[in-house]
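One-letter residues, chain by chain:
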Amino acid sequence: MYQHEIETLAIEQLRKIQNERLSALVYRLYQDVPFYQQLFDKQGIQPGDIKSVEDLHLLPFTKKEDLRLNYPFGMFAKPMQDIRRIHASSGTTGKPTVVAYTQHDLDIFDEVVARSLACAGAQPGMKLHNAYGYGLFTGGLGMHGGATKMGMAVIPVSGGMTDRQLMILQDFKPEVICCTPSYAQTLSEEFAKRGIDSRDLALKYAILGAEPWTEAIRSQIESGLKVIATNIYGLSEIIGPGVSQEDFEEKGSGSYIWEDHFYPEVVDKKTGEPLPYGEEGVLVFTTLTKEAFPLLRYWTNDICSIYYDENAKRSHIKMSAIKGRADDMLIIRGVNLFHTQVEEIIHEFDYLSPNYCLIVERRGTMDTVQVEVEVVKGVDSNNAVFKSNLIQKIKNTIGLTMEVSLKNPGSIPRSQGGKLSRIVDKRAIEY
Ligand code: ADP
(Lines give C-alpha, C1' and ligand atoms only; values in the text may rest on other atoms or scores of the structure.)
Protein backbone atom coordinates (compact mmCIF):
# COMPACT_ATOMS: atom_id res chain seq x y z
CA MET A 1 0.00 0.00 0.00
CA TYR A 2 1.26 3.45 -0.79
CA GLN A 3 -0.28 5.19 2.26
CA HIS A 4 -1.22 2.40 4.60
CA GLU A 5 -2.56 4.55 7.40
CA ILE A 6 -5.00 6.63 5.40
CA GLU A 7 -5.98 3.76 3.10
CA THR A 8 -7.01 1.61 6.05
CA LEU A 9 -8.40 4.30 8.35
CA ALA A 10 -11.60 3.38 10.19
CA ILE A 11 -14.75 4.77 8.53
CA GLU A 12 -15.65 6.95 11.53
CA GLN A 13 -12.25 8.60 11.36
CA LEU A 14 -12.54 9.05 7.61
CA ARG A 15 -15.93 10.72 8.14
CA LYS A 16 -14.39 13.06 10.67
CA ILE A 17 -11.72 14.11 8.20
CA GLN A 18 -14.29 14.47 5.42
CA ASN A 19 -16.53 16.64 7.56
CA GLU A 20 -13.70 18.93 8.64
CA ARG A 21 -12.53 19.30 5.05
CA LEU A 22 -16.03 19.93 3.74
CA SER A 23 -16.83 22.61 6.35
CA ALA A 24 -13.68 24.50 5.45
CA LEU A 25 -14.36 24.10 1.73
CA VAL A 26 -17.86 25.60 1.72
CA TYR A 27 -16.61 28.81 3.35
CA ARG A 28 -13.85 29.09 0.75
CA LEU A 29 -16.25 28.48 -2.11
CA TYR A 30 -18.76 31.01 -0.80
CA GLN A 31 -16.07 33.62 -0.59
CA ASP A 32 -14.08 32.91 -3.75
CA VAL A 33 -16.44 31.57 -6.44
CA PRO A 34 -19.38 33.82 -7.44
CA PHE A 35 -21.20 30.80 -8.90
CA TYR A 36 -21.28 29.12 -5.48
CA GLN A 37 -22.09 32.30 -3.60
CA GLN A 38 -25.15 32.79 -5.83
CA LEU A 39 -26.09 29.15 -5.50
CA PHE A 40 -26.00 29.32 -1.69
CA ASP A 41 -27.92 32.61 -1.62
CA LYS A 42 -30.54 31.28 -4.01
CA GLN A 43 -31.07 28.21 -1.82
CA GLY A 44 -31.11 30.34 1.33
CA ILE A 45 -28.19 28.36 2.73
CA GLN A 46 -25.26 29.68 4.75
CA PRO A 47 -21.85 27.98 4.52
CA GLY A 48 -22.26 27.21 8.25
CA ASP A 49 -25.30 25.03 7.43
CA ILE A 50 -23.04 22.47 5.74
CA LYS A 51 -21.31 20.90 8.71
CA SER A 52 -20.96 17.33 7.51
CA VAL A 53 -21.30 15.16 4.43
CA GLU A 54 -24.82 14.34 5.63
CA ASP A 55 -25.78 17.97 4.93
CA LEU A 56 -24.70 17.81 1.29
CA HIS A 57 -28.19 16.87 0.16
CA LEU A 58 -29.26 20.45 0.99
CA LEU A 59 -27.28 21.61 -2.00
CA PRO A 60 -28.22 21.27 -5.66
CA PHE A 61 -25.88 19.47 -8.05
CA THR A 62 -23.18 21.22 -10.02
CA LYS A 63 -23.51 20.10 -13.63
CA LYS A 64 -21.34 20.21 -16.73
CA GLU A 65 -23.66 22.93 -18.04
CA ASP A 66 -22.68 25.14 -15.07
CA LEU A 67 -19.04 24.72 -15.97
CA ARG A 68 -19.78 25.57 -19.60
CA LEU A 69 -21.65 28.72 -18.60
CA ASN A 70 -18.57 29.78 -16.64
CA TYR A 71 -16.17 28.85 -19.47
CA PRO A 72 -13.22 29.10 -19.39
CA PHE A 73 -12.02 30.29 -15.96
CA GLY A 74 -15.18 31.38 -14.11
CA MET A 75 -15.19 28.46 -11.66
CA PHE A 76 -11.58 28.89 -10.52
CA ALA A 77 -11.33 29.48 -6.78
CA LYS A 78 -7.78 30.86 -6.91
CA PRO A 79 -6.20 33.77 -8.79
CA MET A 80 -4.03 32.94 -11.79
CA GLN A 81 -0.84 33.65 -9.80
CA ASP A 82 -1.61 30.54 -7.74
CA ILE A 83 -2.47 28.29 -10.69
CA ARG A 84 0.28 25.98 -11.89
CA ARG A 85 -1.53 23.96 -14.54
CA ILE A 86 -4.66 24.08 -16.66
CA HIS A 87 -6.22 21.00 -18.24
CA ALA A 88 -9.42 20.40 -20.17
CA SER A 89 -11.69 17.37 -20.46
CA SER A 90 -11.42 15.37 -23.68
CA GLY A 91 -14.61 17.01 -24.88
CA THR A 92 -16.20 13.62 -25.62
CA THR A 93 -19.62 15.16 -25.12
CA GLY A 94 -19.24 18.71 -26.45
CA LYS A 95 -17.11 21.74 -25.62
CA PRO A 96 -14.33 20.84 -23.18
CA THR A 97 -14.54 21.94 -19.57
CA VAL A 98 -11.49 23.74 -18.27
CA VAL A 99 -9.96 22.79 -14.92
CA ALA A 100 -7.09 24.20 -12.88
CA TYR A 101 -4.56 23.08 -10.26
CA THR A 102 -2.47 24.87 -7.67
CA GLN A 103 0.80 23.26 -6.61
CA HIS A 104 -1.09 21.75 -3.68
CA ASP A 105 -3.64 20.26 -6.11
CA LEU A 106 -0.88 18.80 -8.26
CA ASP A 107 0.58 17.22 -5.13
CA ILE A 108 -2.79 15.64 -4.36
CA PHE A 109 -3.05 14.45 -7.97
CA ASP A 110 0.38 12.79 -7.67
CA GLU A 111 -0.61 11.26 -4.35
CA VAL A 112 -3.85 9.66 -5.53
CA VAL A 113 -2.25 8.39 -8.74
CA ALA A 114 0.67 6.94 -6.76
CA ARG A 115 -1.84 5.21 -4.45
CA SER A 116 -3.65 3.89 -7.50
CA LEU A 117 -0.50 2.58 -9.15
CA ALA A 118 0.48 0.70 -5.98
CA CYS A 119 -3.05 -0.63 -5.68
CA ALA A 120 -2.76 -1.94 -9.26
CA GLY A 121 0.41 -3.87 -8.36
CA ALA A 122 3.08 -1.41 -9.54
CA GLN A 123 6.19 -1.01 -7.40
CA PRO A 124 8.97 1.55 -7.17
CA GLY A 125 11.75 0.64 -9.57
CA MET A 126 9.37 -0.65 -12.23
CA LYS A 127 9.03 1.09 -15.59
CA LEU A 128 5.68 2.56 -16.62
CA HIS A 129 4.77 2.61 -20.31
CA ASN A 130 2.40 5.57 -20.22
CA ALA A 131 0.26 5.39 -23.35
CA TYR A 132 -2.38 7.85 -22.15
CA GLY A 133 -2.41 11.00 -24.24
CA TYR A 134 -0.17 13.82 -22.98
CA GLY A 135 -1.58 17.31 -23.37
CA LEU A 136 -4.82 18.91 -22.30
CA PHE A 137 -6.27 15.47 -21.47
CA THR A 138 -5.47 14.70 -17.82
CA GLY A 139 -4.54 11.05 -18.48
CA GLY A 140 -0.94 11.38 -19.65
CA LEU A 141 0.44 14.00 -17.27
CA GLY A 142 -1.68 12.70 -14.40
CA MET A 143 -0.26 9.18 -14.54
CA HIS A 144 3.19 10.63 -15.17
CA GLY A 145 3.23 12.69 -11.99
CA GLY A 146 1.95 9.89 -9.76
CA ALA A 147 4.38 7.35 -11.18
CA THR A 148 7.31 9.72 -10.70
CA LYS A 149 6.21 10.35 -7.13
CA MET A 150 5.96 6.66 -6.28
CA GLY A 151 9.43 5.97 -7.69
CA MET A 152 8.76 4.46 -11.09
CA ALA A 153 10.68 5.19 -14.28
CA VAL A 154 8.15 6.73 -16.64
CA ILE A 155 8.29 6.17 -20.39
CA PRO A 156 6.09 9.01 -21.71
CA VAL A 157 5.01 7.33 -24.96
CA SER A 158 1.58 9.05 -25.12
CA GLY A 159 -1.16 7.68 -27.39
CA GLY A 160 -0.96 6.53 -31.01
CA MET A 161 1.94 5.51 -33.30
CA THR A 162 1.32 1.86 -32.57
CA ASP A 163 4.50 0.59 -34.26
CA ARG A 164 6.62 2.68 -31.95
CA GLN A 165 4.63 1.50 -28.93
CA LEU A 166 5.25 -2.13 -29.86
CA MET A 167 8.95 -1.51 -30.28
CA ILE A 168 9.24 0.21 -26.90
CA LEU A 169 7.30 -2.54 -25.17
CA GLN A 170 9.69 -5.10 -26.65
CA ASP A 171 12.94 -3.20 -26.22
CA PHE A 172 12.50 -1.16 -23.01
CA LYS A 173 10.63 -3.99 -21.28
CA PRO A 174 8.32 -1.95 -19.01
CA GLU A 175 6.58 -3.98 -16.30
CA VAL A 176 3.51 -1.73 -16.21
CA ILE A 177 1.39 -0.18 -18.96
CA CYS A 178 -1.43 2.32 -18.69
CA CYS A 179 -3.79 3.25 -21.51
CA THR A 180 -7.44 2.92 -22.51
CA PRO A 181 -8.75 -0.66 -22.50
CA SER A 182 -9.59 -0.39 -26.20
CA TYR A 183 -6.00 0.59 -26.96
CA ALA A 184 -4.69 -2.30 -24.86
CA GLN A 185 -6.85 -4.52 -27.09
CA THR A 186 -5.22 -2.99 -30.16
CA LEU A 187 -1.71 -3.57 -28.78
CA SER A 188 -2.47 -7.12 -27.80
CA GLU A 189 -3.84 -7.89 -31.26
CA GLU A 190 -0.89 -6.29 -32.99
CA PHE A 191 1.54 -8.47 -31.06
CA ALA A 192 -0.44 -11.56 -32.04
CA LYS A 193 -0.55 -10.44 -35.70
CA ARG A 194 3.20 -10.03 -35.78
CA GLY A 195 3.77 -13.37 -34.15
CA ILE A 196 5.36 -11.82 -31.06
CA ASP A 197 4.83 -13.85 -27.91
CA SER A 198 3.78 -11.59 -25.01
CA ARG A 199 5.86 -13.79 -22.74
CA ASP A 200 8.90 -12.16 -24.34
CA LEU A 201 7.74 -8.81 -22.95
CA ALA A 202 8.21 -7.90 -19.29
CA LEU A 203 4.66 -6.61 -18.77
CA LYS A 204 3.02 -7.63 -15.49
CA TYR A 205 0.30 -5.05 -14.89
CA ALA A 206 -2.06 -3.04 -17.10
CA ILE A 207 -3.92 -0.08 -15.61
CA LEU A 208 -6.84 0.71 -17.84
CA GLY A 209 -9.46 3.42 -17.82
CA ALA A 210 -10.99 6.52 -19.42
CA GLU A 211 -13.84 4.51 -20.99
CA PRO A 212 -16.25 1.78 -19.86
CA TRP A 213 -15.05 -1.81 -20.16
CA THR A 214 -16.15 -5.20 -18.90
CA GLU A 215 -14.77 -8.59 -17.94
CA ALA A 216 -14.93 -9.55 -21.64
CA ILE A 217 -12.23 -7.07 -22.48
CA ARG A 218 -10.30 -7.84 -19.30
CA SER A 219 -9.90 -11.49 -20.28
CA GLN A 220 -8.87 -10.63 -23.83
CA ILE A 221 -6.20 -8.21 -22.61
CA GLU A 222 -4.96 -10.38 -19.75
CA SER A 223 -4.45 -13.38 -21.97
CA GLY A 224 -3.14 -11.33 -24.91
CA LEU A 225 -0.61 -9.26 -22.99
CA LYS A 226 0.00 -11.70 -20.11
CA VAL A 227 -0.83 -9.07 -17.51
CA ILE A 228 -3.07 -8.46 -14.54
CA ALA A 229 -5.44 -5.74 -15.77
CA THR A 230 -7.18 -3.39 -13.34
CA ASN A 231 -9.53 -0.47 -13.66
CA ILE A 232 -8.63 3.15 -13.00
CA TYR A 233 -11.36 5.77 -13.04
CA GLY A 234 -11.35 9.51 -13.02
CA LEU A 235 -12.51 12.67 -14.69
CA SER A 236 -10.84 16.02 -15.23
CA GLU A 237 -13.46 17.92 -13.27
CA ILE A 238 -12.66 15.94 -10.10
CA ILE A 239 -8.87 15.71 -10.69
CA GLY A 240 -8.19 13.30 -13.57
CA PRO A 241 -7.26 9.60 -13.35
CA GLY A 242 -6.84 8.30 -9.81
CA VAL A 243 -10.24 9.13 -8.36
CA SER A 244 -10.65 5.39 -7.92
CA GLN A 245 -8.65 2.23 -8.56
CA GLU A 246 -9.21 -1.51 -8.47
CA ASP A 247 -6.79 -3.62 -6.42
CA PHE A 248 -4.82 -6.22 -8.40
CA GLU A 249 -5.71 -8.91 -5.86
CA GLU A 250 -9.38 -7.95 -5.59
CA LYS A 251 -10.26 -7.87 -9.27
CA GLY A 252 -13.94 -7.74 -10.10
CA SER A 253 -14.99 -6.47 -6.67
CA GLY A 254 -14.92 -2.77 -7.60
CA SER A 255 -12.51 0.13 -7.39
CA TYR A 256 -11.56 2.01 -4.22
CA ILE A 257 -12.61 5.64 -4.25
CA TRP A 258 -9.98 7.71 -2.41
CA GLU A 259 -12.64 9.18 -0.22
CA ASP A 260 -10.39 11.29 1.99
CA HIS A 261 -10.17 13.53 -1.12
CA PHE A 262 -13.32 12.76 -3.12
CA TYR A 263 -16.63 12.25 -1.36
CA PRO A 264 -18.99 10.13 -3.49
CA GLU A 265 -22.76 9.84 -3.64
CA VAL A 266 -24.92 7.80 -5.99
CA VAL A 267 -28.23 9.42 -6.81
CA ASP A 268 -31.34 8.59 -8.77
CA LYS A 269 -30.93 9.64 -12.40
CA LYS A 270 -34.38 11.22 -12.58
CA THR A 271 -35.11 12.54 -9.09
CA GLY A 272 -31.57 13.24 -7.87
CA GLU A 273 -32.42 11.54 -4.55
CA PRO A 274 -29.44 9.83 -2.87
CA LEU A 275 -29.63 6.04 -3.26
CA PRO A 276 -28.66 3.40 -0.70
CA TYR A 277 -25.29 1.67 -1.05
CA GLY A 278 -25.35 -0.98 -3.76
CA GLU A 279 -28.03 0.67 -5.88
CA GLU A 280 -27.16 1.86 -9.32
CA GLY A 281 -27.47 5.51 -10.25
CA VAL A 282 -25.49 8.60 -11.20
CA LEU A 283 -22.18 9.07 -9.46
CA VAL A 284 -21.76 12.49 -7.83
CA PHE A 285 -18.54 13.82 -6.27
CA THR A 286 -17.58 16.56 -3.86
CA THR A 287 -13.88 17.37 -3.92
CA LEU A 288 -12.72 17.83 -0.34
CA THR A 289 -9.18 19.05 -0.68
CA LYS A 290 -8.68 20.76 -4.02
CA GLU A 291 -7.90 24.49 -4.02
CA ALA A 292 -8.12 25.82 -7.57
CA PHE A 293 -11.16 23.98 -8.86
CA PRO A 294 -13.23 22.51 -6.04
CA LEU A 295 -16.71 21.22 -6.83
CA LEU A 296 -19.72 20.48 -4.65
CA ARG A 297 -21.92 17.56 -5.69
CA TYR A 298 -20.61 17.33 -9.25
CA TRP A 299 -22.93 15.27 -11.43
CA THR A 300 -20.51 13.00 -13.35
CA ASN A 301 -23.25 11.46 -15.47
CA ASP A 302 -21.52 8.08 -14.99
CA ILE A 303 -23.69 5.16 -13.94
CA CYS A 304 -22.52 2.80 -11.20
CA SER A 305 -23.11 1.81 -7.56
CA ILE A 306 -20.99 2.39 -4.44
CA TYR A 307 -20.62 0.08 -1.44
CA TYR A 308 -18.32 -0.88 1.41
CA ASP A 309 -16.52 -4.19 1.01
CA GLU A 310 -15.81 -5.69 4.41
CA ASN A 311 -13.44 -8.29 3.01
CA ALA A 312 -11.28 -5.72 1.32
CA LYS A 313 -7.73 -4.71 2.24
CA ARG A 314 -8.64 -1.05 2.51
CA SER A 315 -11.42 0.75 4.32
CA HIS A 316 -12.39 3.17 1.55
CA ILE A 317 -15.68 2.77 -0.27
CA LYS A 318 -15.72 0.96 -3.63
CA MET A 319 -17.54 1.67 -6.86
CA SER A 320 -18.68 -0.86 -9.43
CA ALA A 321 -17.44 -0.67 -13.01
CA ILE A 322 -19.08 2.17 -14.90
CA LYS A 323 -21.91 0.88 -17.04
CA GLY A 324 -21.81 3.95 -19.26
CA ARG A 325 -22.62 7.63 -19.19
CA ALA A 326 -26.24 8.50 -18.54
CA ASP A 327 -26.39 10.32 -21.86
CA ASP A 328 -24.89 7.31 -23.69
CA MET A 329 -27.80 5.22 -22.55
CA LEU A 330 -29.87 4.18 -25.54
CA ILE A 331 -33.60 3.91 -25.16
CA ILE A 332 -34.70 1.35 -27.71
CA ARG A 333 -38.42 0.62 -27.95
CA GLY A 334 -38.79 1.54 -24.29
CA VAL A 335 -35.83 -0.52 -23.07
CA ASN A 336 -32.78 1.19 -21.52
CA LEU A 337 -29.56 -0.08 -23.01
CA PHE A 338 -25.86 0.45 -22.35
CA HIS A 339 -23.38 -1.00 -24.81
CA THR A 340 -21.54 -2.69 -21.93
CA GLN A 341 -24.58 -4.97 -21.46
CA VAL A 342 -24.08 -6.34 -24.96
CA GLU A 343 -20.33 -6.60 -24.33
CA GLU A 344 -20.98 -8.81 -21.30
CA ILE A 345 -23.18 -11.14 -23.33
CA ILE A 346 -20.64 -11.39 -26.14
CA HIS A 347 -18.12 -12.56 -23.52
CA GLU A 348 -20.21 -15.69 -22.89
CA PHE A 349 -19.49 -17.03 -26.38
CA ASP A 350 -15.97 -18.25 -26.91
CA TYR A 351 -16.30 -17.98 -30.69
CA LEU A 352 -16.87 -14.21 -30.46
CA SER A 353 -14.25 -11.55 -29.78
CA PRO A 354 -15.00 -8.37 -27.80
CA ASN A 355 -14.50 -6.29 -30.94
CA TYR A 356 -17.96 -5.03 -31.67
CA CYS A 357 -20.07 -2.01 -32.34
CA LEU A 358 -23.76 -1.19 -32.09
CA ILE A 359 -25.45 0.55 -35.00
CA VAL A 360 -28.69 2.27 -34.10
CA GLU A 361 -31.15 3.29 -36.81
CA ARG A 362 -34.72 4.44 -37.07
CA ARG A 363 -36.79 2.49 -39.56
CA GLY A 364 -40.21 4.08 -39.90
CA THR A 365 -41.18 4.62 -36.29
CA MET A 366 -39.05 1.76 -34.98
CA ASP A 367 -35.59 2.11 -33.50
CA THR A 368 -33.39 -0.86 -34.35
CA VAL A 369 -30.01 -2.01 -33.08
CA GLN A 370 -27.61 -3.98 -35.15
CA VAL A 371 -24.74 -5.70 -33.36
CA GLU A 372 -21.66 -6.06 -35.49
CA VAL A 373 -19.27 -8.41 -33.75
CA GLU A 374 -16.15 -10.18 -34.88
CA VAL A 375 -15.73 -13.92 -34.59
CA VAL A 376 -12.39 -15.17 -33.30
CA LYS A 377 -9.79 -16.43 -35.73
CA GLY A 378 -10.65 -19.74 -37.37
CA VAL A 379 -14.42 -19.38 -36.91
CA ASP A 380 -16.77 -19.04 -39.90
CA SER A 381 -18.59 -15.69 -39.75
CA ASN A 382 -21.44 -17.20 -41.80
CA ASN A 383 -22.29 -19.71 -39.09
CA ALA A 384 -26.06 -19.28 -38.71
CA VAL A 385 -26.27 -21.10 -35.37
CA PHE A 386 -23.66 -18.88 -33.78
CA LYS A 387 -25.58 -15.87 -35.00
CA SER A 388 -28.95 -17.04 -33.73
CA ASN A 389 -27.44 -18.05 -30.36
CA LEU A 390 -26.35 -14.44 -29.82
CA ILE A 391 -29.69 -13.02 -30.95
CA GLN A 392 -31.48 -15.34 -28.54
CA LYS A 393 -29.19 -14.61 -25.60
CA ILE A 394 -29.58 -10.85 -26.10
CA LYS A 395 -33.33 -11.20 -26.29
CA ASN A 396 -33.49 -13.30 -23.13
CA THR A 397 -31.12 -11.09 -21.15
CA ILE A 398 -31.89 -7.55 -22.29
CA GLY A 399 -35.40 -8.08 -23.63
CA LEU A 400 -34.71 -6.68 -27.09
CA THR A 401 -34.50 -8.33 -30.46
CA MET A 402 -31.37 -7.07 -32.17
CA GLU A 403 -30.00 -7.83 -35.58
CA VAL A 404 -26.63 -9.51 -35.50
CA SER A 405 -23.95 -9.45 -38.11
CA LEU A 406 -20.92 -11.66 -37.51
CA LYS A 407 -17.77 -10.18 -38.96
CA ASN A 408 -14.36 -11.54 -39.82
CA PRO A 409 -11.50 -10.72 -37.43
CA GLY A 410 -10.04 -7.27 -38.04
CA SER A 411 -13.10 -5.69 -39.70
CA ILE A 412 -14.36 -3.48 -36.82
CA PRO A 413 -12.47 -0.20 -36.21
CA ARG A 414 -9.82 -0.33 -33.47
CA SER A 415 -8.65 2.30 -30.99
CA GLN A 416 -5.71 4.29 -32.33
CA GLY A 417 -4.75 5.42 -28.85
CA GLY A 418 -7.63 7.25 -27.20
CA LYS A 419 -11.23 6.52 -26.27
CA LEU A 420 -13.16 4.30 -28.69
CA SER A 421 -16.84 4.85 -29.42
CA ARG A 422 -18.71 1.58 -29.72
CA ILE A 423 -22.02 3.10 -30.77
CA VAL A 424 -22.91 4.49 -34.21
CA ASP A 425 -26.20 6.31 -33.75
CA LYS A 426 -27.52 6.98 -37.23
CA ARG A 427 -30.71 8.52 -35.85
CA ALA A 428 -28.85 11.73 -35.10
CA ILE A 429 -27.73 11.91 -38.74
CA GLU A 430 -31.16 11.11 -40.19
CA TYR A 431 -32.99 13.84 -38.30
P1 ADP B 1 -14.65 13.66 -21.23
O2 ADP B 1 -15.89 13.69 -20.38
O3 ADP B 1 -14.58 14.77 -22.19
O4 ADP B 1 -14.35 12.31 -21.82
P5 ADP B 1 -12.46 13.19 -19.36
O6 ADP B 1 -11.30 12.97 -20.24
O7 ADP B 1 -12.27 13.92 -18.12
O8 ADP B 1 -13.53 13.97 -20.17
O9 ADP B 1 -13.08 11.76 -19.10
C10 ADP B 1 -13.82 11.46 -17.95
C11 ADP B 1 -14.88 10.45 -18.27
O12 ADP B 1 -14.31 9.27 -18.84
C13 ADP B 1 -15.63 9.97 -17.06
O14 ADP B 1 -16.64 10.84 -16.65
C15 ADP B 1 -16.17 8.63 -17.56
O16 ADP B 1 -17.33 8.81 -18.35
C17 ADP B 1 -15.06 8.13 -18.44
N18 ADP B 1 -14.18 7.22 -17.68
C19 ADP B 1 -13.01 7.49 -17.08
N20 ADP B 1 -12.50 6.39 -16.49
C21 ADP B 1 -13.37 5.40 -16.71
C22 ADP B 1 -13.42 4.02 -16.34
N23 ADP B 1 -12.45 3.43 -15.68
N24 ADP B 1 -14.52 3.32 -16.71
C25 ADP B 1 -15.51 3.91 -17.40
N26 ADP B 1 -15.52 5.18 -17.80
C27 ADP B 1 -14.45 5.93 -17.45
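About the thresholds
Within any chain, residue numbers begin from 1 and follow the written order of that chain's sequence. Under the rules for a predicted model, residues below a pLDDT of 70 receive no local features and side-chain atom pairs below 80 are neither given nor counted, while totals for whole chains, interfaces and linings still include all residues. Each side-chain value is worked out from all heavy atoms of the structure, with water and hydrogens disregarded. Helix and strand assignments come from DSSP, with helices taken as H or I runs of at least 4 residues and strands as E runs of at least 2, each series counted from the N terminus. Three labels apply to residues, based on accessible area from a 1.4 Å probe with only protein chains included: buried if under 20% of the type maximum, exposed if over 50%, partly exposed otherwise in between. Should any heavy atoms of two residues lie within 4.5 Å, those residues are considered in contact. For every accessible area listed, the method is Shrake-Rupley and the probe measures 1.4 Å; residues are considered covered only by the protein chains on display. A positive count includes Lys and Arg, and a negative count includes Asp and Glu. His and the chain ends are not counted in either. A single reference atom marks each charge: NZ on Lys, CZ on Arg, CG on Asp, CD on Glu. The patch calculation keeps residues exceeding 30% relative accessible area without a salt bridge and links them within 9 Å when they carry like charges or within 5 Å when they are nonpolar (Val, Leu, Ile, Met, Phe, Trp, Tyr). A side-chain nitrogen of Lys or Arg and a carboxyl oxygen of Asp or Glu constitute a salt bridge if their distance falls within 4 Å. Annotation comment: domain bounds sourced from an automatic or database domain assignment. Using a 1.4 Å probe, buried area is obtained as the accessible area two parts lose upon being combined, added over both of them. A pocket, in this scheme, is an open set of points on a 1 Å grid over the protein atoms alone with protein on both sides within 12 Å along at least 5 of 7 lines, while a cavity is a set where a 1.4 Å probe fits but cannot get out; residues line either one if an atom lies within 4 Å of a point. Grid points are joined across faces, edges and corners, and a volume is the space filled by probe spheres set on the points. In this count, Pro and Cys sit with the nonpolar residues alongside Ala, Val, Leu, Ile, Met, Phe, Trp and Tyr, while Asp, Glu, Lys and Arg are called charged and the others, Gly among them, polar. Note on ring pairs: Phe, Tyr and Trp rings are taken, using the six-membered ring of Trp, and paired if centres are within 6.5 Å. Classes follow the plane angle, with under 30 degrees stacked, over 60 edge-to-face and the rest tilted. Here, a charge over a ring means that NZ of Lys or CZ of Arg falls within 6 Å of the ring centre while also lying within 35 degrees of the ring normal. Polar contact is defined as a pair of N or O atoms within 3.5 Å, subject to the rule that within protein one atom must be able to donate a hydrogen and the other to accept it, and that residues adjacent in sequence are counted only when both atoms are side-chain atoms. When we speak of the arc, we mean the arc of directions from the helix axis to the C-beta atoms. Between N-to-C directions, angles cover 0 to 180 degrees, with each direction set by a line fitted to C-alpha atoms, over the stretch in contact for helices. By the definition adopted for this analysis, an angle is roughly parallel if under 35 degrees, roughly antiparallel if over 145, roughly perpendicular if from 65 to 115, and oblique otherwise. If you view the pair so one helix is near and one far, a crossing is left-handed when the near helix is turned anticlockwise from the far one by less than a right angle, and right-handed when it is turned clockwise.

Let's shift gears to the overall build of the chain. What the chain contains, in helices and strands, is 12 helices and 21 strands. Based on the C-alpha atoms only, the size of the chain along its principal axes is roughly 65 × 55 × 40 Å. By the burial criterion, 56% of the 431 residues in the chain qualify as buried. Contacts in the chain between residues at least 24 apart in sequence constitute 66% of all its contacts with a sequence separation of at least 6. Accessible surface for the chain amounts to roughly 17,900 Å². Of this, 51% is attributable to carbon and sulfur atoms. Charged side chains in the chain number 47 positive and 56 negative. The centres of these two groups are separated by 4 Å.

Together, Phe73, Met80 and Ile86 make up an exposed nonpolar region whose accessible area comes to about 250 Å². Positionally, Phe73 belongs in the loop between α4 (64-69) and β1 (85-88). In this structure Phe73 comes out as partly exposed when scored by relative accessible area, which is 40%.

This brings us to the domain arrangement of the chain. Taken domain by domain, the chain consists of domain 1 (1-324) and domain 2 (329-430). Between the C-alpha centres of domain 1 and domain 2 there is a distance of 29 Å. In this assembly, 27 residues from domain 1 lie in contact with 18 residues from domain 2. In this assembly, domain 1 packs against domain 2 so that about 1,800 Å² is buried in total across both faces, 54% of it on carbon and sulfur atoms. Of all residues in domain 1, Thr214, Ala216 and Lys323 give up the largest surface area on contact with domain 2, accounting jointly for 26% of the area buried on that side.

A separate point is empty space enclosed by the protein. All chains considered together, the criterion is met by 1 cavity of 30 Å³ or more. As a volume, the largest cavity reaches approximately 30 Å³. Surrounding the largest cavity, Leu67, Asn70, Tyr71, Pro72, Met75, Val98 and Phe293 form its lining. For the lining of the largest cavity, the per-class residue count stands at 6 nonpolar, 1 polar and no charged.

Turning our eyes to something else, we now look at the packing of aromatic side chains. By the definition in use, this model includes 13 aromatic pairs. Centroid distance Phe61 to Trp299: 5.0 Å. Interplanar angle 65 degrees. Geometry classified as edge-to-face. Here Trp299 lies in strand β12 (residues 298-304) and Phe61 lies in the loop between α3 (34-43) and α4, a separation of 238 residues in the sequence. Here the two residues Phe61 and Trp299 agree in accessibility, since each one is buried. Following the ring pairs from residue to residue traces out a cluster consisting of Phe73, Phe76 and Phe293. The ring centre of Trp299 lies 4.0 Å from the NZ or CZ of Lys63, which sits over that ring. The residue whose ring lies beneath Lys318 is Tyr256, and the NZ or CZ to ring-centre distance is 4.8 Å.

Below, the discussion takes up the environment of Thr97. Tracing the chain through its elements places Thr97 in the loop between β1 and β2 (98-101). As a C-alpha pair, Thr97 and Ser52 span 45 residues in sequence and 28 Å in three-dimensional space. The contact partners of Thr97, leaving out residues within four places of it in the chain, are Lys64, Leu67, Arg68, His87, Ala88, Ser89 and Glu237. Among the polar contacts made by the side chain of Thr97, one reaches the side chain of Glu237 at a distance of 3.4 Å.

Structural remark: α-helix, 3.6 residues per turn; residues separated by three or four positions point the same way. Looking at α3, one finds that the buried residues are Phe35, Tyr36, Leu39 and Phe40. One side of α3 holds all its buried residues, which, seen down the axis, span an arc of 130 degrees. In this structure, α3 carries Gln38 and Lys42 as exposed residues pointing more than 90 degrees from its buried face. Close packing links the buried residues of α3 with α2 (11-32) and α4.

The next subject is the packing of helix α8 (residues 181-193) against helix α9 (residues 215-225). Relative orientation of the contacting elements α8 and α9 amounts to 40 degrees, with a least axis distance of 9 Å. When the interaxial angle is binned, α8 and α9 end up oblique. Here the hand of the crossing between α8 and α9 comes out left-handed. Counting all contacts with α8, which are made through Pro181, Ala184, Gln185, Leu187, Ser188, Glu189 and Phe191, the residues of α9 involved are Ile217, Gln220, Ile221, Gly224 and Leu225. Looking at the contact of α8 with α9, its residues break down into 7 nonpolar, 4 polar and 1 charged.

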